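So you can see what is in the structure, the chains are spelled out below.
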Amino acid sequence: MSEKNELAYEPRKAYRMQDAEQAESYCLKYRAFMDDSKTERDAVRNAVRMAEEAGFRPYDGRGNLKPGDRIYRINRAKSLMLAVIGKESPEKGFRIMASHIDSPRLDLKPLPLEENGGFAFLKTHYYGGLKKYHWAAMPLALHGVICKADGTKTDVSLGEDENDPVLYISDLMPHIAKDQMAKKSTDIIPGESLSPIAGLFEDGEGNVKNAVLQILNEKYGMTEKDFLMSELHLVPAQKSREVGLDSSMIAAYGQDDKVCAFAALLALLESGTPEHTSVVFLADKEEIGSEGVTGLRSEAYAGFLRDICDDLHAGDRTSFRASVCISADVGGAYDPHFADAYELQNSCRIGNGITISKYTGSRGKGGCSDATAELMQWTIRMMEQNGVCWQTGEYGKVDQGGAGTVAVDIAKFGIDVVDVGVPLLSMHAPMELAAKCDIFAMYQFSRCFFLS
Ligand code: MN
Ligand code: MN
């Protein structure tokens, strides 16, 4: 009975990396990107800097493109499209990796500043699917942009430097929390209580709100009205950390989905002139349904592909039909502490390779783009031929809920698409957990996909 059963499929077990040195150096680059790219604007700024260093240039749609050209287009400072023009016509198909660079967080309300009980607070409206109780009693950094009534604009990043102050949402002490602890977890910290304390000291007239306004004016030259023309977000102030006594994992904010975005981006920047035109989408708004001009439902993304087709005298419909897209997004990995939520045989696990999902969706595959058997075959064979460690993964038990990805928005254009990504634990928590070997495998996969 010692012989291996040739007929049964045995999923891969957690593995030690063969290219450990290469993987460790990749993870260092990844962590540096993560620590400086907590919002989509930050990610776009850093990705554009990296792209320009790698010889990419802005593309307005009239480029007289030729093979080997390296181009990018920024969409409203919040999303980014990049391409390397291939040797073949786009009519032979694009190779696209679509990921997202927005993550769950707390957005300041249009008029956030209020005085209550002697404190100045900043009111927020949460963005994306998060557990509200995660966000209290921890250091929060303020990121974003203030557009002012005088026509100027100021970038904000407060709380990342160790000498910066941070913001902080208070929680009730356990000593007197009998009623709170009996509540449903969604009501432990109600949405309207997700307001960090902005200040304590009063101004000369005994007004704490005005005292904060004075500080904001000195620091950013803004008035209260300018909040109405701003985008300000609260994100965890912590930097990424190695996790486990064996340092096998990384905890960081926003790994959903910058762990895939960074892999796709770096693989593209390092690529030579491919056969097929390689494309990376770093999209915004995925966490709230991909709507809006910077979300993947916007015509902006297909428009970028169409401009390339026009420039190269290729038909867009023919090109889309021949294309393959990887919806590069994270997978929800099995957690033995919450085993009841999972169906073990079809769950992915961190440390066992990147996960390929035929479908996502919820309640009867609702809202998913069910990849074809043929595309599953093509992708799995490509991963195996290139030695990429992979596994399959469904989100959880059939009736437990589920998730959607941008795959549906790509499929709308008649482009074949399948979900591949890094398995995560604690998805959408302030610090999400991934295994280094999977983080590196996503980069290896991205490299061979662009060469496919
Ligand atoms: Mn995601
Ligand atoms: Mn997500």
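Residues numbered from 1 in each chain as written. Chains lettered and ligands numbered in written order. Predicted model: local features only at pLDDT ≥ 70, side-chain atom pairs only at ≥ 80, totals over all residues. Heavy atoms only, no water.

A. Highlighting a nonpolar patch on the surface. Nonpolar side chains collect at one region of the surface, where L111, L228 and M229 lie side by side and expose about 270 Å² of accessible area between them. Looking at the element boundaries, M229 is found in the loop between α5 (208–220) and β10 (230–236). (Patch = residues over 30% accessible without salt bridge, like charges linked within 9 Å, V, L, I, M, F, W, Y side chains within 5 Å. Areas by Shrake-Rupley, 256 points an atom, 1.4 Å probe, with all protein chains shown as cover. Salt bridge = Lys/Arg side-chain N within 4 Å of Asp/Glu carboxyl O. Helix = DSSP H or I, 4+ residues; strand = E, 2+ residues; numbered from the N terminus.)

B. Structural detail: the domain arrangement of the protein. Assigned domains of the protein: these are domain 1 (10–103 + 253–450) and domain 2 (105–236). On a C-alpha basis, the centres of domain 1 and domain 2 stand 32 Å from each other. When residues of domain 1 are sorted by the area they lose upon contact with domain 2, K38, R41 and P430 head the list and together hold 35% of the total. If you look at where domain 1 meets domain 2, you find 4 salt bridges. R41 serves as the salt-bridge partner of E231, at 2.9 Å between the closest nitrogen and oxygen. Linking domain 1 to domain 2 there are 9 residue pairs in polar contact (both at pLDDT 80 or more). If one sorts the elements of the side of domain 1 that touches domain 2 by residue count, helix α2 (residues 40–53) sits on top with 3 residues. (Domains from an automatic or database assignment. Buried area = accessible area lost by both parts, 1.4 Å probe. Polar contact = N/O pair within 3.5 Å; in protein donor to acceptor, adjacent residues only side chain to side chain.)

C. Layout of α2. Counted at 1.5 Å a residue, the expected span for α2 with its 14 residues is 20 Å, and the 20 Å between its end C-alpha atoms agrees. Of the residues making up α2, those classed as buried are E40, R41, D42, A43, V44, N46, A47, V48, M50 and A51. A positive backbone phi angle near 85° is found at G55, which sits one or two residues after α2. (Expected span 1.5 Å × (residues − 1). Buried < 20%, exposed > 50% of the residue type's maximum accessible area, 1.4 Å probe, protein only.)

D. Fine view of the side chain of D311. Relative to the helices and strands, D311 is located in helix α7 (residues 299–311). Among buried Asp, Glu, Lys and Arg side chains, D311 stands out as unpaired, with R57 the closest opposite charge at 7.0 Å. Apart from the residues lying within four places of it in its own chain, the contact partners of D311 are Y59, G61, R62, G63, N64 and L65. (Lys, Arg positive; Asp, Glu negative; His and termini not counted. Contact = heavy atoms within 4.5 Å.)

E. Summary view of the sheet that holds strand β22 (residues 432–435). Taken in spatial order, the 3 strands of this open sheet run β11-β12-β22, and their pairing is antiparallel. Each edge of the sheet is formed by a strand with only one pairing partner; in this case those strands are β11 (241–243) and β22. Across this sheet, the average inter-strand angle for adjacent strands is 35°, counted without regard to direction. Relative to strand β12 (residues 249–252), β11 runs antiparallel, the two sharing 3 bridges. (Pairing = 2+ DSSP bridges. Axes fitted to C-alpha atoms, helices over the stretch in contact; angles between N-to-C directions.)

F. Here's a closer look at the pattern of salt bridges. This structure, assessed with the given rule, holds 30 salt bridges. A salt bridge links R62 to D60; the shortest N-O distance between them is 3.6 Å. Its relative accessible area of 65% is what places R62 among the exposed residues. Between K178 and D179 there is a salt bridge; the shortest N-O distance is 3.7 Å. Judged on exposure class, the residue K178 and its partner D179 are both exposed. Among the ionic contacts, a cluster of salt bridges with common partners joins E40, R41, K78, R105, D107, E231, D284 and K285.

G. Structural detail: the coordination of the manganese ion (ligand 2). Every protein donor of the manganese ion (ligand 2) is accounted for by D256 (OD), E287 (OE), E287 (OE) and H428 (NE2), and the metal-donor separations fall at 2.1 to 2.6 Å. Between consecutive donors of the manganese ion (ligand 2), the numbers of intervening residues give the motif D-x30-E-x140-H. A gap of 3.4 Å separates the manganese ion (ligand 2) and the manganese ion (ligand 1), which D256 links by coordinating each metal. A residue pair is termed long-range when its members are at least 10 positions apart, and D256 in helix α6 (residues 255–269) and E287 in the loop between β13 (278–283) and α7 qualify at 31 residues. Just as D256 is buried, E287 falls in that class too. (Donors = N, O, S within 2.8 Å, 3.2 Å for Na, K, Ca; no water.)

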